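Architecture at a glance
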Amino acid sequence: MSIYLQFLHIKALPKDTAQALKKKLTQALEILKLPKKSFSIILTSDEKIKEFNRTFLQRDYPTNVLAFPQRDDPRYWGDIIISLERAKEEAGQYGLDLENYLLSLSLHGFLHLLGYDHEKGLYAPWLMLKNELNLIKALTEDEKLIKFLQRREYMPAKLAVNVDHVATVREARKSYYPDPVHAAVLAELGGADGIVVHLRLDRRHIKERDVKIIKEIIKTKLILEMAIDPELIKFAQEVKPYQVTLVPERVEEITTEGGMELEGRVEEVKKVVKVLNRAGIKVSLFLNPDEKTLELAKKTGAQIVELHTGMYAEAVEEEKRLEELARLERGAHLAKDLGFIVHAGHGLNYENIGPVAAIPEIEEFSIGHAIVGRAIMVGMKEAVREMKELILRARG
Ligand code: PXP
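The model shown is predicted, which means the values in this text are computed figures rather than measured ones.

Attention now goes to the pattern of salt bridges. For the structure shown, the criterion picks out 27 salt bridges. For Lys207, the salt bridge identified is with Glu171, shortest N-O distance 3.5 Å. One end of the pair, Lys207, is in the loop between strand 6 (194-198) and helix 9 (208-217); the other, Glu171, is in helix 7 (residues 164-172), with 36 residues separating them in the sequence. Assessed through its relative accessible area of 25%, Lys207 is described here as partly exposed. The residue Glu364 makes a salt bridge to Lys221 at a minimum N-O spacing of 2.7 Å. Note that Glu364 is positioned in strand 12 (residues 362-367) and Lys221 in strand 7 (residues 221-226), a separation of 143 residues in sequence. Residues joined in a network through salt bridges with shared partners are Arg170, Glu171, Lys174, Asp179, Lys207, Arg209 and Asp210.

Right under this line is the structure:
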């Protein structure tokens with residue numbers, strides 16, 4: 001049995017690092033009591049892995065690891081491709097030991113070669129991570145890496161569907177159809193894990209009636225988005241949605257423009273969180289993914305943060321998009337460390353969801369406009385099913 005370590009378009013690792021990596025992987029094979037077959041690990045650049053991702057998996061972005069199982073040759077498991085550039089960057093970002101991080105990526109890839117697939121089946125990501133963690137625990141005493149991997153131990157991300165814009169169409173004619181209540185039920189049939197409605201101060205789309213009926217009729221959870229306003233707080237206390245997401249609101253805006261500003265407002269927000277929690281409602285804050293904002297959010301007692309993905313979604317230049325994606329990754333990581341349940345949303349669509357859905361700390365996505373837009377073409381059930389599939393597929 002051999003492990004071939006190759007370097008493609010990148011400077012080779014120091015000999016002792018490469019040797020240590022091979023040794024640990026050999027030990028992993030012994031632990032797994034596997035037949036003696038060979039496999040390759042190809043360490044390469046971001047650009048090259050992006051090329052592999054695009055050519056073989058139709059995903060036009062770089063990633064940290066890819067695996068290509070070999071089913072025809074009984075002596076060969078297959079090939080694992082790792083972006084050394086990205087591994088270095090991620091190890092630096094999360095303060096991890098590069099050698100051990102490379103080991104964890106190699107094990108992740110190797111489990112794929114064995115047929116494990118975190119993208120298939122509801123419990124598959126969890127199962128795969130359990131195996132990765134057990135191997136890392138057996139091979140290293142790297143507590144930091146173990147904690148890092150444990151943080152990724154989530155179930156597949158959920159999708160909460162916002163039906164506001166069904167009401168927008170209704171209100172365009174001040175009619176009684178289409179009904180967001182019907183849309184909510186169909187979204188659930190398509191696989192939605194929750195229904196979101198934004199009761200705006202000017203009631204431009206969703207009305208109180210919609211919120212109340214949706215609350216009664218759905219089988220999943222109702223998420224009520226709203227600004228901090230005494231009348232709305234009273235309404236939430238009466239209706240008791242599963243969750244309230246507090247958002248900033250300006251009357252003249254077309255849609256929510258930015259995350260909440262918490263500077264100088266912590267006490268005010270804290271009071272609202274307390275009142276809603278007392279009514280049995282979980283509270284989420286819609287925030288920009290910044291360190292200072294997240295740290296202030298911690299002081300409010302809110303249970304959830306929804307990271308604003310609007311800047312990522314609107315970025316036109318590739319460089320800016322990747323910069324915003326990295327900002328979301330850092331924000332999600334910090335929010336999780338601070339003890340929040342992490343959600344994300346705004347401006348997400350069928351083209352841009354992939355990279356964000358791959359951020360493991362994010363447990364739920366809130367998506368409206370793109371799904372309602374597609375529902376006009378393919379129906380609500382199908383539009384939700386397609387989005388859910390993209391989210392599950394991106395999970396890694
Ligand atoms: N999250 C929040 C807090 C929002 O205000 C909105 C828009 O109502 C969304 C998510 C959904 O955004 P989009 O309609 O662009 O998917």
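A cluster of nonpolar side chains, namely Val185, Leu186, Leu189, Ile213 and Ile217, defines an oily patch on the protein surface of about 380 Å² accessible area. When residues of the nonpolar patch are traced back to their parent elements, those giving at least two are helix 8 (180-189) and helix 9. No other element matches helix 8, which puts three residues into the nonpolar patch. Looking at the element boundaries, Leu186 is found in helix 8. Overall, the relative accessible area of 38% leaves Leu186 in the partly exposed class.

For the ligand, the set of nearby residues contains 15 residues, the closest of which are Thr256, Glu306, Gly347, Gly368 and His369. A distance of 2.5 Å separates a nitrogen atom of the ligand from a polar atom in the side chain of Glu306. Contact between the ligand and His369: an oxygen atom at 2.9 Å from a main-chain N or O atom of the residue. Here the ligand loses 95% of its free accessible area of 400 Å² to cover by the protein chains. Grouping the amino acids of the shell around the ligand by side-chain chemistry returns three nonpolar, nine polar and three charged.

Quick look at the packing of helix 3 (residues 84-94) against helix 14 (residues 318-337) now. Each pair of packed helices can be described by the angle between their axes along with the distance between the axes. The interhelical angle for the contact between helix 3 and helix 14, taken along N-to-C directions, is 40 degrees, at an axis separation of 12 Å. The orientation of helix 3 with respect to helix 14, classified from their angle, is oblique. Considering only the axes of helix 3 and helix 14, their crossing is right-handed. In contact with Arg86, Gln93 and Tyr94 of helix 3, helix 14 contributes Ala326, Glu329, Arg330 and His333. Residue composition of the contact of helix 3 with helix 14, grouped by class: two nonpolar, two polar and three charged.

The strand order 1-2-4-3 describes an open sheet built from four strands, whose pairing is mixed. Bordering the open sheet on either side are strand 1 (3-7) and strand 3 (65-69), each of which pairs with just one other strand. Going from strand to strand, the sheet's axes swing by 15 degrees on average, the running direction of each strand aside. Of the pairings in the sheet, the one linking strand 1 to strand 2 (residues 38-44) comprises five bridges and is parallel in character.

We now examine the packing of aromatic side chains. Scanning the entire structure with this criterion turns up seven aromatic pairs. Between Tyr101 and Phe148, the aromatic rings sit 6.0 Å apart at their centres with planes inclined by 80 degrees, giving edge-to-face as the arrangement. In this pair, Tyr101 sits in helix 4 (residues 98-113) while Phe148 sits in helix 6 (residues 143-151), placing the two residues 47 residues apart along the sequence. With respect to class, Tyr101 is no different from Phe148; both count as buried. Put simply, the rings of Phe39, Trp77 and Phe110 touch in pairs and so form one group of aromatic residues. Lying over the aromatic face of Phe340, Lys298 brings its terminal NZ or CZ to 4.9 Å of the ring centre.

Cut-offs applied
Position labels on residues start from 1 in each chain and follow its written sequence. Per-residue local features of the predicted model are confined to residues with pLDDT of at least 70, and side-chain atom pairs are confined, for both listing and counting, to 80 or more; whole-chain, interface and lining totals are unaffected and use all residues. Excluding hydrogens and water, the side-chain figures rest on all heavy atoms present in the structure. Put simply, a salt bridge is a Lys or Arg side-chain nitrogen that is within 4 Å of an Asp or Glu carboxyl oxygen. A helix here means a DSSP run of H or I that spans at least four residues, while a strand means a run of E at least two residues long, and both kinds are numbered starting from the N terminus. Between buried and exposed lies partly exposed: a residue is buried under 20% and exposed over 50% of the maximum accessible area for its type, with that area taken using a 1.4 Å probe on protein chains only. A patch consists of residues exposed above 30% relative accessible area that lack any salt bridge, with like charges linked at up to 9 Å and nonpolar side chains (Val, Leu, Ile, Met, Phe, Trp, Tyr) linked at up to 5 Å. Here, Shrake-Rupley sampling with a 1.4 Å probe gives the accessible areas, and only protein chains in the shown set may cover a residue. Working definition: residue near molecule or strand if any one of its non-hydrogen atoms lies within 4 Å of it. N or O atoms within 3.5 Å of each other form a polar contact, as long as, within protein, one can give a hydrogen and the other can take it, and as long as residues adjacent in sequence are counted only when both atoms are side-chain atoms. In the scheme used here, Gly and all other residues not listed as nonpolar or charged are polar, with Ala, Val, Leu, Ile, Met, Phe, Trp, Tyr, Cys and Pro taken as nonpolar and Asp, Glu, Lys and Arg as charged. Note on method: axes are straight lines fitted to C-alpha atoms, helices fitted across the in-contact stretch only, with angles between N-to-C directions ranging 0 to 180 degrees. With respect to orientation, any angle under 35 degrees is reported as roughly parallel, any angle over 145 as roughly antiparallel, any angle of 65 to 115 as roughly perpendicular, and every other angle as oblique. Each crossing is labelled by how the near helix is turned from the far one, with a counterclockwise turn of less than a right angle marking it left-handed and a clockwise turn marking it right-handed. Contacts are assigned to residue pairs with any non-hydrogen atoms lying within 4.5 Å of each other. Think of it this way: DSSP has to see at least two bridges between two strands before they count as a pair. Within 6.5 Å between ring centres, the rings of Phe, Tyr and Trp (the latter by its six-membered ring) count as paired, and their orientation is classed by plane angle as stacked under 30 degrees, edge-to-face over 60, tilted in between. For a Lys NZ or an Arg CZ to count as sitting over a ring, it must be within 6 Å of the ring centre and within 35 degrees of the ring normal.

Structural measurements only, silent on function.
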